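Architecture and fold: a report
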Amino acid sequence: MKKWLSRFSYPIDEIVNRTVDRQVKLAVTGLSRSGKTVFITSLVHQLLHGLESTHLPFFQVANLGHLRGAKMMQQPDLHIPSFRYDMAIAQLGGEPPTWPQPTSSISEIRIAIRYESRHALLKHISPVHTLYVDIVDYPGEWLLDLPLLELTYEQWSEQVAHSCQAEPRLSLSKEWREFLATLDLNSPTAAATLRQAAELYTHFLLCCKDPQYGLSLLQPGRFTMPGDLKGAPLLEFCPLLEYPSSIPRENSLFAEMKRRYESYKEHVVKKFYLEHLVSFDRQIVLVDVLRAFNTGYATFADMREAINMILKSFHYGKSGFLNKLFHGFKIDKLFFAATKADHVTPNQLPALERFLQQMLISSQHHASFDGVTTETLALASVKCTQAAYTTFQGQRISCIKGVPLDADKPIALFPGEVPVEIPMPEEWVEGRFNFIEFKPPRLANIEGRGLPHIRMDRALEFLLGDKF
Ligand SMILES: Nc1nc2c(ncn2[C@@H]2O[C@H](COP(=O)(O)OP(=O)(O)O)[C@@H](O)[C@H]2O)c(=O)[nH]1
Ligand SMILES: [Mg+2]
């Protein structure tokens, strides 16, 4: 490693390297609790420990012995908060180990990977090269704002009004709707009224998001995940459920709400895309499919609609609408992962993958059509369970063994079978699935070898394999 470090200090080496060094920016997104922080922590940990390649059989550069080492570097964008890898590892390696703190904003980390090139020309220039991997973590909720760019205030309001006609949104939106009903949409507006309407609407969205309902399609995304906009007047508006009876006046409540909606699109949504999205090379979308199984069909259907809505409007090629708005999108690989695959028995992994593929099928077609390479995997960033067997009525049944989040001793359980096809709404019966959360494993030597995982090596190969 010493020799490795010293190479960085020779300017001439640096100049030669720069001509062949490459950079790749990976964007990791997914709805909150989908496993982004744990995924990035594990990805970085696997790379930093890549020299002990036995834990990464499918990551070719490591497996073929071409990896020289990896190191964390100063991130390139100083205005973005740093991804707190050190804190996450301290928690996972604690006694007892705990899951990293939830995060609610954007962050970035840079890893430099040194490797021996396979390409004859590159070998000729220099035997060892560096690949800089920048990883950006951002809330999937913010992506839910993408479709708003195509919607007028009236069209968006209509969509929300429509979704509030069915349960559970009908009941959960009651207080907000009743407040709106007391307002005169054509009268001049008071700041306090706007604030109260926005607060009640936000409360409604947060109730929808509660694990009991687990709904995902909640717009605007910053209302539930404000990041650094918490408390900003930019977020003080909401959709309206009806139009004013006469043409709205310039200073009316309706006109002000509409103005703020447009301002949100301009100053929050577009700004985010211009600042960040244009620089992404590869996009990773994490999905906690098992959460939907546990909660039921409504949660699943809502999650599917939210993810497909995001991906449909996302640009993955020339025909995407974002490319018409902003030029220069260059994403060439799209990776979907069903996270927490250690919650199912190993023989269920293919079913979990197939299920996610089915969930995203229309988006994947769009992406392939646009020339983007896609991959779907079921993975566990940190494997918390072991495969085990039990006998039931004389039959050998495969199950998993791990320590539940709310217990101290391991249990063996059969969590339920992942369906190969998406079940009909009436087939999502209560108790069919029992995917519980687990404590992270106790690791005697977290600094000595890569975190236990399922298929992180395949993820690395898809995301980075072609760069070496
Ligand atoms: N068993 C298991 N649980 C996981 C894994 N990854 C995440 N989790 C669980 O999911 C929770 C949310 O993960 P986190 O990465 O913080 O989600 P984020 O909000 O998308 O960043 C964690 O606290 C863990 O309980 C995994 O690989 N295996
Ligand atoms: Mg996080």
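Structure first, text after, so check above.
Position numbers for residues start from 1 in each chain and track the written sequence from start to end. Chain letters and ligand numbers both follow the written order, the letters beginning at A and the numbers at 1. Predicted model: local features are reported for residues with pLDDT of at least 70 only, side-chain atom pairs are reported and counted for 80 or more only, and whole-chain, interface and lining totals are derived from all residues. Excluded from the side-chain calculation are hydrogens and water; included are all heavy atoms of the structure.

Given a rise of 1.5 Å per residue, 23 residues ought to cover 33 Å, and the 32 Å separating the end C-alpha atoms of helix H13 (residues 253-275) matches this to within 8%. Given a residue, its bend is the angle between the two axes fitted to the seven residues that end at it and to the seven that start from it. Counting from the N terminus, the helices are DSSP H or I runs at least four residues long and the strands are E runs at least two residues long. Lys-265 marks the point of greatest bend in H13, at about 30 degrees. Multiplying 1.5 Å by the helix residue count minus one yields the expected span of that helix.

A separate point is the sheet that holds strand E9 (residues 395-402). Strand order in the open sheet made by the 3 strands is E8-E9-E10, with antiparallel pairing throughout. The two strands at the open ends of the sheet, each matched to only one other strand, are strand E8 (386-392) and strand E10 (411-413). Geometrically, the sheet is characterised by an average inter-axis angle of 45 degrees between neighbouring strands, direction not taken into account. When DSSP locates at least two bridges between a pair of strands, those strands are taken to pair. Bridging between E8 and E9 involves 7 bridges; their strand directions are antiparallel. If you follow Thr-391 over to E9, its bridge partner there is Arg-396. To obtain each axis, a line is fitted to C-alpha atoms, and for helices this fit is confined to the stretch in contact; angles are then taken between N-to-C directions over 0 to 180 degrees.

In this section: the sheet that holds strand E2 (residues 67-73). Across a sheet, paired strands are connected by hydrogen bonds in the backbone, their directions being either parallel or antiparallel. Here 7 strands make up an open sheet; going across it, the order is E2-E3-E4-E1-E5-E6-E7 and the pairing mixed. A strand with exactly one partner marks an edge of an open sheet, and here the two such strands are E2 and strand E7 (373-378). Neighbour to neighbour, the strand axes of the sheet diverge by 20 degrees on average, direction disregarded.

Distances decide who is a donor: an N, O or S atom must be within 2.8 Å of the metal, or within 3.2 Å for Na, K and Ca. Water is not included, so sites may look incomplete. The protein atoms that coordinate the magnesium ion (ligand 2) are Thr-37 (OG1) and Thr-103 (OG1), at distances spanning 2.1 Å. Of the two residues, Thr-37 sits in helix H3 (residues 36-48) while Thr-103 sits in the loop between helix H5 (85-92) and strand E3 (107-116), which places them 66 residues apart along the sequence. We call a residue buried when its accessible area falls under 20% of the maximum for its residue type, exposed when it is over 50%, and partly exposed in between, using a 1.4 Å probe and counting protein chains only. Taking the relative accessible area as the measure of exposure, Thr-37 reaches 14% and is therefore buried. Residue Thr-103 is classed as partly exposed on the basis of its relative accessible area of 45%.

Any residue with at least one heavy atom within 4 Å of a molecule or strand is counted as near it. Inspection of the region around ligand 1 gives 17 residues, with Arg-33, Lys-36, Thr-37, Val-38 and Asp-342 positioned closest. The separation between an oxygen atom of ligand 1 and a polar side-chain atom of Lys-340 is 2.9 Å. In protein, a polar contact means a hydrogen-donor-capable atom and an acceptor-capable atom, both N or O and within 3.5 Å, with residues adjacent in sequence counting only if both atoms are side-chain atoms; elsewhere, any N or O pair within 3.5 Å suffices. Between ligand 1 and Asp-342 there is a distance of 2.9 Å, counted from a nitrogen atom to a side-chain nitrogen or oxygen. Its residues placed into classes, the shell around ligand 1 shows 6 nonpolar, 6 polar and 5 charged. Residue polarity follows a fixed list, in which Ala, Val, Leu, Ile, Met, Phe, Trp, Tyr, Cys and Pro are nonpolar, Asp, Glu, Lys and Arg are charged, and the others, Gly among them, are polar.

Any cysteine sulfur atom paired with another within 2.5 Å is treated as part of a disulfide. For the coordinates displayed, the defined rule picks out 0 disulfides. No disulfide involves Cys-208; its sulfur sits 7.0 Å from the nearest other cysteine sulfur, which is in Cys-207. Classification of Cys-208 by relative accessible area gives buried; the value is 0%.

This brings us to the environment of Gly-227. The residue Gly-227 is located in the loop between helix H12 (221-224) and H13 in this model. Gly-227 gets classed as partly exposed once you look at its relative accessible area, which sits at 23%. The residues touching Gly-227, leaving out its near neighbours within four places in the chain, are Ser-104, Ser-105 and Trp-142. In what follows, a contact means two residues having at least one pair of non-hydrogen atoms within 4.5 Å.

All right, on to the pattern of salt bridges then. We count a salt bridge whenever a side-chain nitrogen from Lys or Arg sits within 4 Å of a carboxyl oxygen from Asp or Glu. Throughout the structure, instances matching the rule amount to 24 salt bridges. Between Glu-256 and Arg-259 there is a salt bridge; the shortest N-O distance is 2.7 Å. Within this pair, Glu-256 and its partner Arg-259 are both found in helix H13, separated by 3 residues, close to a single helical turn. Judged by relative accessible area, Glu-256 falls into the buried class, the value being 16%. Taken together, the salt bridges that share partners define one network made up of Arg-195, Glu-236, Glu-250, Glu-256, Arg-259 and Arg-260.

Glu-95 connects to Pro-96 through a cis peptide bond whose omega is 5 degrees. In this fold, Pro-96 is placed in the loop between H5 and E3. Omega for the peptide link from Glu-167 to Pro-168 comes to 0 degrees, which places this bond in the cis form. If you trace the backbone, Pro-168 turns up in the loop between helix H8 (153-163) and helix H9 (169-172).

Inspection of H5 places Tyr-85, Ala-88, Ile-89, Gln-91 and Leu-92 among the buried residues, and these make up the whole buried set. Looking straight down H5, one finds its buried side chains confined to an arc of 160 degrees; they lie on one side. Buried residues along H5 sit in contact with H3, E2 and E3. Throughout, the arc means that of the directions going from the helix axis to the C-beta atoms.

Geometry only, nothing functional implied.
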